[in-house]
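Listed here are the chains, written in short residue letters.
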Amino acid sequence: MNIWVYIDHFKGTALPTSWEAVGAAKSLGANVTGLVLGAGVEPVAKQALEFGADSVLMSDDPALADFRAEVFASTIAAAGEIPDAIFLPTSTRGRELAAMLAIDLNSGVLVDVTSVELSGDKLVVTRPIYSGKILQKETCASKPQIVTLRGRAFPKPQLTAGKSGEIKKVAAKTDALTSVEGYSASEGGVSLTDAGVIVSGGRGVSNNPSLQPPAGLDEKAAEIWRAQQGFKLVGDLASVLGAAMGASRAAVDAGYIPYSHQVGQTGKVVSPDLYIACGISGAIQHLAGMRTSKVNVAINKDADAPIFKVARYGIVGDLFAILPEVTEAFKKKLGK
Ligand SMILES: Cc1cc2nc3c(=O)[nH]c(=O)nc-3n(C[C@H](O)[C@H](O)[C@H](O)COP(=O)(O)OP(=O)(O)OC[C@H]3O[C@@H](n4cnc5c(N)ncnc54)[C@H](O)[C@@H]3O)c2cc1C
């Protein structure tokens, strides 16, 4: 079986989920070709080989410096003999490109897959549906079988330094209707989808009536001020653990923290090794984004909160009292 794996990167820094996709394709015994598109991307192509790709199709062209689904898809569609399957990470770019490729190659897409196996020459994939309550098995009747793989659902393969292989150059299709005008960084910190540990805050982070906001704030501003104190505690724990910060939709809707932190059905889907939910009730839409985490911990003052149903460890109590103690304990344990 021949599988192409799209190596998603931003300005030459590959997403770890790209290497997970290479590993998933190799685990099927397939002949794996990395797809590397961009400008000045030879180092990424070499990395793809080191992470296990047998060869690479590389389109290195200034016209591909910025990701645009239409030119990337048409370049890939013309890159060579179409393989049995194309794997992409379930990143924002990966999803967009998968859809565009499906149009260009007249095939179907299996999205956000968490496991993949072979039945004859057909891929049988598993993906969570109904907010993760049911795992559905699916196949794609057409070729290539286009699959996006959920981040951190597959192990990252070991890098073999210096491993080489053929890097075949492919002409770029540059006929684009869109152009990228520029980028602005939304914030620093650890990316949610790649994070091994996530500490998240919900509406409960604003609930500390004993905190006295500065004089002159109206009710809404006082609520946000309180939430900022709560999120500071969430952030302190995240920084000791080297974790990313997540949030519930209630927290982002209320303006406590930017939307980019939202976890859930309409936010980011994450699968970290450890997810700590602070002041989050555990609505079905939130669980949809984090229930596949390996270990869930919940801190909530309501012992009946649904979040405890998916938590391996639960602490019932006020997060404003608990978080500083937990952070201090981790600091000591980790020698920080
Ligand atoms: C179409 C649709 C899509 C949605 N998508 C998403 C999504 O992607 N992500 C998402 O999160 N939600 C989503 N929602 C919203 C979801 O239904 C919930 O409203 C939301 O998750 C609730 O957020 P919360 O748990 O922070 O708030 P709440 O439900 O209000 O819970 C707050 C929790 O904090 C606890 N608490 C309060 N004070 C403290 C304290 N001092 N210490 C400890 N605990 C405390 C409370 O006991 C409570 O359990 C969606 C809803 C719809 C309809």
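See the structure shown above.
A brief look at the structure comes next. Each chain has its residues counted from 1, running along the sequence as written. In keeping with the model being predicted, local features are shown solely for residues with a pLDDT of at least 70 and side-chain atom pairs are shown and tallied solely at 80 or more, while totals for entire chains, interfaces and linings include all residues. With hydrogens and water stripped out, all remaining heavy atoms of the structure feed into the side-chain values.

1. Some words on the environment of Lys156
Among the structural elements, Lys156 can be located in the loop between strand S11 (145-149) and strand S12 (166-169). For the pair Lys156 and Pro16, spaced 140 residues apart in sequence, the C-alpha to C-alpha distance is 7.4 Å. Whether two residues are in contact is decided by their heavy atoms: any pair within 4.5 Å suffices. Not counting residues within four places of it along the chain, the set of residues in contact with Lys156 comprises Trp19, Glu20 and Phe51. Numbering of helices and strands runs from the N terminus, with a helix taken as a DSSP run of H or I at least four residues long and a strand as a DSSP run of E at least two residues long.

2. Some thoughts on the packing of aromatic side chains
The aromatic pairing rule takes the rings of Phe, Tyr and Trp, using the six-membered ring of Trp, and pairs them if the centres are within 6.5 Å, calling planes under 30 degrees apart stacked, those over 60 edge-to-face and the rest tilted. Evaluation of the coordinates by the stated rule reveals three aromatic pairs. Taking the centre distance of 4.6 Å and the plane angle of 15° together, the rings of Trp19 and Phe51 count as stacked. Of this pair, Trp19 sits in helix H1 (residues 16-27) while Phe51 is found in the loop between helix H2 (42-50) and strand S5 (55-60), placing the two residues 32 residues apart along the sequence.

3. Quick notes on the sheet that holds strand S10 (residues 134-138)
As summarised here, the arrangement of the three strands in space is S8-S9-S10, forming an open sheet in which the pairing is antiparallel. Pairing within the sheet leaves two strands with one partner each, and these edge strands are strand S8 (115-119) and S10. Taking each pair of neighbouring strands and ignoring which way they run, the sheet shows an average axis angle of 25°. One requirement defines pairing of two strands: DSSP has to find at least two bridges between them. As a rule, the C-alpha atoms of each element are fitted with a line to give its axis, helices using only the stretch in contact, and angles between N-to-C directions run from 0 to 180 degrees.

4. Considering the packing of helix H3 (residues 69-77) against helix H4 (residues 92-104)
For the pair H3 and H4, the least separation of the axes is 9 Å and the interaxial angle reads 50°. As summarised for this structure, H3 and H4 are arranged oblique, according to the angle between their axes. Our pair here, H3 against H4, has a crossing hand that is right-handed. Contact residues: H3 offers Ala69, Glu70, Phe72, Ala73, Ser74, Ile76 and Ala77, while H4 offers Glu96, Leu97, Met100, Leu101 and Asp104. Polar here means any residue other than Ala, Val, Leu, Ile, Met, Phe, Trp, Tyr, Cys and Pro, which are nonpolar, and Asp, Glu, Lys and Arg, which are charged; Gly is therefore polar. Of the residues that constitute the contact of H3 with H4, the class distribution is eight nonpolar, one polar and three charged. The labels follow the angle: roughly parallel below 35 degrees, roughly antiparallel above 145, roughly perpendicular from 65 to 115, and oblique for the rest. With the far helix as reference, a near helix turned anticlockwise by less than a right angle produces a left-handed crossing, and one turned clockwise produces a right-handed crossing.

5. With respect to helix H5 (residues 219-241)
Each helix should span, by expectation, one fewer than its residue count multiplied by 1.5 Å. Between its terminal C-alpha atoms H5 stretches 33 Å, which fits the 33 Å expected from 23 residues at 1.5 Å a residue. Working definition: with a 1.4 Å probe on protein chains only, accessible area under 20% of the residue-type maximum means buried, over 50% means exposed, and in between means partly exposed. Of the residues making up H5, those classed as buried are Ala222, Arg226, Ala227, Gly230, Phe231, Leu233, Val234, Gly235, Leu237, Ala238, Val240 and Leu241. For H5, the elements touching its buried residues are strand S13 (197-201), strand S14 (244-247), helix H6 (249-253), strand S15 (274-278) and helix H8 (319-334). Capping the start of H5, Asp218 holds a side-chain oxygen 3.3 Å from the backbone nitrogen of Lys220, two or three residues further along. Phi turns positive, to about 65°, at Gly242, one or two residues after H5. We call two N or O atoms a polar contact when they sit within 3.5 Å, provided that within protein one can donate a hydrogen and the other can accept it, with sequence-adjacent residues counted only if both atoms are side-chain atoms.

6. Comments concerning the sheet that holds S11
Whenever strands of a sheet pair, they do so through backbone hydrogen bonds, lying parallel or antiparallel. If you trace the seven strands from one edge of the open sheet to the other, you get S7-S11-S6-S1-S4-S5-S12, paired in parallel fashion. The sheet is open, and its two borders are formed by strand S7 (109-113) and S12, each paired with just one other strand. Put simply, the sheet's adjacent strands are angled 25° from each other on average, direction ignored. Pairing between strand S4 (residues 31-38) and S5: six bridges, direction parallel.

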